Amino acid sequence: MGLPSLLHSLVFLWIVASSTFGVGYGQNGTLNLLDFGASGNGVADDTGAFDTAWKTLCSTGQTLHIPAGKTFVVKPLKLEGPCKSSSVVIQIDGNIVGPSTLGEWQNACALKCWLCFMSVNGLVIKGKGVIDGKGSIWWNQKTQSIDALYFNKCGQLQLSGITCRDSPRVHIFLFRSNGAHISNVHVSAPEDSPNTDGIDVSASSQVTIRDSVIGTGDDCVAIKGGASFVNVTHVTCGPGHGFSVGSLGMVPSTADEVHDIYFQNCNCDKTMNCARIKTWMGGSGFAKEIFYNHMTLQQSQNPILIDQHYCNGGHSCTVMAGAVKVSGITFSGFTGSSASEQAITLNCSDSGCPNILLDHVSLTSGIGKPLRSACYKATGKASFTDPPVPCLNSKQNLAPVTAPLPITY
Ligand SMILES: *[C@@H]1O[C@H](CO)[C@@H](O)[C@H](O)[C@H]1NC(C)=O
Ligand SMILES: *[C@@H]1O[C@H](CO)[C@@H](O)[C@H](O)[C@H]1NC(C)=O
């Protein structure tokens, strides 16, 4: 190649490079999804553009902007790191929606998630946009295992501002993601949509979830095996199945261990449960140092519930020996109304739950009938608690459980 043609090639490369990247980068290092060929018209498939934009973002460490006023259709997608930069920002102001036919979800059956973030440290997702899973087509399917926003090994994740709605299953799932911080998010799905948990935390430590509103068909927040040092603060739940620890111990061979969990200043508005710990029979592991402090309730069916005979619908659960060891659970500063007579249920395993503390729990009846509490093998202390919990420490109701009754929560 002679000098003139070499120069010619360089000039050509420069033109290609600047038109490919120059536009996409914008002025302050922001990538715009529209510059990657996305249409944002709510009909065309923008998966390829999103995929390319992610790869560019991950290798350059800039901000990817999903602009307001546009709707991007994205099929299930792996958004994988590790990324070059220590912080990767996605600013979502527009809408991201899932595909509307089951066939287009194919990829998700292998991934088990829709937007699957893996091994991205320092990921920041923020903005006022909406992430809509279009999950209703999944809610009557037998195989329903697709979570909307799934974070696996995403250390120091920051998720804020966005709305996440109508997931096929769990809306936001944290797995092996330490140091995550979730704030000001809004999760919504219909009250009768199955398994549509708001936020699940599993195998993750040092997680905070705060200032958020969750209304859904299952648990608003569920703390699962391997979670520790999780703080859930100023979160409103309703409709939904409440602030749950569990279910734990579903697979007897896997020890589920959960500790140091704080639910504080949270609100349950017409929920099925408010503070709930649920474990399957036959499980192993433990749940300890769990605190529910300053909870307010309006018409909650089960304001306080420990259920160690959990049987998800109660169909074919056999009585099994062994249980996740539940101990050191505090319920304090509860005020509000119960929508059922049995407002407090402490139903432990045959080996018991020691150190259950209730303090300043003041529940009123929302149904005009006196409230009561019930226990099975629960020990600890109740002070300033209404309804009173005389069954705590008592020998009553200590007969072994023979057959579980169907439970419908
Ligand atoms: C969680 O809350 C507890 C109790 O208020 C507090 O001691 C702890 O520092 C908090 N942890 C985080 C990570 O915010
Ligand atoms: C505990 O759960 C078992 C199984 O569902 C049930 O049979 C029993 O009545 C419950 N006990 C209390 C005190 O709620």
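Undergrad: Explain the overall build of the chain to me, using residue names and the numbers behind them.
TA: Per the secondary structure count, the chain includes 3 helices and 30 strands. Buried positions account for 51% of the 409 residues belonging to the chain. Partitioning the intrachain contacts of the chain with sequence separation of at least 6 by distance along the chain shows that 76% fall at a separation of at least 24. Just so you have it, the chain exposes about 17200 Å², and 55% of that area is on carbon and sulfur atoms.

Undergrad: Which residues make up helix α2 (residues 47-60), and what values do they have?
TA: One turn of the α-helix equals 3.6 residues, which is why residues spaced by three or four share an orientation. Under the 1.5 Å per step criterion, the end-to-end length of α2 is 20 Å for 14 residues, consistent within 8% with the ideal 20 Å. Along α2, the residues that are buried comprise Thr-47, Ala-49, Phe-50, Ala-53, Trp-54, Thr-56, Leu-57 and Cys-58.

Undergrad: Lay out the site of ligand 1 with the relevant residues and their values.
TA: Around ligand 1, the neighbouring residues are Thr-208, Asn-231, Tyr-262 and Gln-264. Note that an oxygen atom of ligand 1 is positioned 2.4 Å from one of the side-chain N or O atoms of Asn-231. Here Gln-264 contributes a side-chain N or O atom positioned 3.4 Å from an oxygen atom of ligand 1. Its free accessible area being 360 Å², ligand 1 has 45% of it covered by the protein chains.

Undergrad: Please give an account of the pattern of salt bridges that cites residues and values.
TA: Counted by the stated rule, this structure contains 9 salt bridges. A salt bridge links Lys-278 to Asp-219; its shortest N-O distance comes to 2.8 Å. With Lys-278 in strand β23 (residues 273-280) and Asp-219 in the loop between β18 (205-215) and β19 (221-223), this pair connects stretches of sequence that are 59 residues apart. Accessibility classification places Lys-278 together with Asp-219 in one group, the buried group. Residue Glu-341 pairs with Arg-372 through a salt bridge whose shortest N-O separation is 3.8 Å. Note that Glu-341 is positioned in the loop between β26 (325-338) and β27 (342-347) and Arg-372 in strand β29 (residues 372-376), a separation of 31 residues in sequence. Owing to a relative accessible area of 29%, Glu-341 belongs among the partly exposed residues under this scheme. Here the residues in one salt-bridge network are Asp-219, Arg-276 and Lys-278, joined through shared partners.

Undergrad: Provide a residue-level description of the packing of aromatic side chains, including the pertinent values.
TA: All told, the structure shown has 11 aromatic pairs when counted by the stated rule. Relative to Tyr-310, the ring of Trp-280 has its centre 5.2 Å away and its plane inclined at 85°; by these criteria the two rings are edge-to-face. Of this pair, Trp-280 sits in strand β23 while Tyr-310 sits in strand β25 (residues 302-310); the two residues are 30 residues apart in sequence, bridging distant segments of the chain. When its relative accessible area of 6% is taken as the criterion, Tyr-310 is described as buried. Connected via pairs of aromatic rings, a cluster forms that spans Phe-243, Phe-263, Tyr-292, Phe-331 and Phe-334. Directly above the ring of Phe-286 sits Lys-288, whose terminal nitrogen or CZ lies 4.8 Å from the centroid.

Undergrad: Now, about the nonpolar core: what can you tell me, with residues and values included?
TA: Ranked by internal contacts, the top residues of the largest apolar core, which has 96 residues, are Trp-54, Phe-117, Phe-151, Phe-243, Tyr-292, Phe-331 and Leu-346. Take this core: its biggest share by element is 6 residues, from α2. Residues within four places of Phe-117 in sequence aside, it is in contact with Trp-54, Leu-79, Ile-90, Leu-123, Ile-125, Leu-149, Tyr-150, Phe-151, Asn-152 and Cys-154. By size, the runner-up hydrophobic cluster in this structure holds 7 residues, among which are Leu-111, Cys-116, Met-118 and Phe-173.

Undergrad: Now, about the pairing of β18: what can you tell me, with residues and values included?
TA: For strand β15 (residues 181-183) and β18, the ladder comprises 3 bridges, and the chain directions are parallel. Note on β18: the bridge partner recorded for Ser-183 is Arg-210. By the bridge criterion, 8 bridges tie β18 to strand β20 (residues 228-237) in an arrangement that is parallel. Across the sheet, the residue bridging to Thr-208 is Asn-231, located in β20.

Undergrad: Describe the side chain of Lys-278, listing the residues and the values that go with them.
TA: Note on Lys-278: relative accessible area 4%, which makes it buried. If near-sequence neighbours (up to four positions away) are discounted, Lys-278 is found in contact with Asp-219, Ser-244, Val-245, Gly-246, Ser-247, Leu-248, Asp-307 and Tyr-310.

Undergrad: Could you give me a rundown of the sheet that holds strand β11 (residues 147-152), with the residues and numbers involved?
TA: Spatially, 11 strands are ordered β5-β8-β11-β14-β17-β19-β21-β23-β25-β27-β29 in an open sheet, and the strand pairing comes out parallel. Strands with a single pairing partner mark the edges of an open sheet, and in this sheet they are β5 (77-80) and β29. Neighbour-to-neighbour, the strand axes of this sheet turn through a mean angle of 15°, independent of strand direction. Both strand β21 (residues 243-248) and β23 contribute to a ladder of 4 bridges, which runs parallel. Bridge pairing in β23 links Phe-243 to Ala-275. Sheet strands touched by α2: β5 and β8 (113-118). Its angle to β5, the strand with the most contacts, is close to 5°.

Undergrad: Can you break down the side chain of Ser-205 residue by residue, with the values?
TA: Along the chain, the position of Ser-205 falls in strand β18. In this structure Ser-205 comes out as buried when scored by relative accessible area, which is 17%. For Ser-205, the side chain forms a polar contact with the side chain of Ser-228, separated by 3.1 Å. Ignoring sequence-local partners within four residues, the contact set of Ser-205 consists of Ser-177, Asn-178, Gly-179, Ser-228 and Phe-229.

Rules behind the numbers
- Residues numbered from 1 in each chain as written.
- Chains lettered and ligands numbered in written order.
- Predicted model: local features only at pLDDT ≥ 70, side-chain atom pairs only at ≥ 80, totals over all residues.
- Heavy atoms only, no water.
- Helix = DSSP H or I, 4+ residues; strand = E, 2+ residues; numbered from the N terminus.
- Buried < 20%, exposed > 50% of the residue type's maximum accessible area, 1.4 Å probe, protein only.
- Contact = heavy atoms within 4.5 Å.
- Areas by Shrake-Rupley, 256 points an atom, 1.4 Å probe, with all protein chains shown as cover.
- Expected span 1.5 Å × (residues − 1).
- Near = heavy atom within 4 Å.
- Polar contact = N/O pair within 3.5 Å; in protein donor to acceptor, adjacent residues only side chain to side chain.
- Salt bridge = Lys/Arg side-chain N within 4 Å of Asp/Glu carboxyl O.
- Phe/Tyr/Trp six-rings, centres within 6.5 Å; stacked < 30°, edge-to-face > 60°.
- Lys NZ or Arg CZ within 6 Å of the ring centre and 35° of its normal.
- Core = buried A, V, L, I, M, F, W, Y, C linked by side-chain atoms within 4.5 Å.
- Pairing = 2+ DSSP bridges.
- Axes fitted to C-alpha atoms, helices over the stretch in contact; angles between N-to-C directions.

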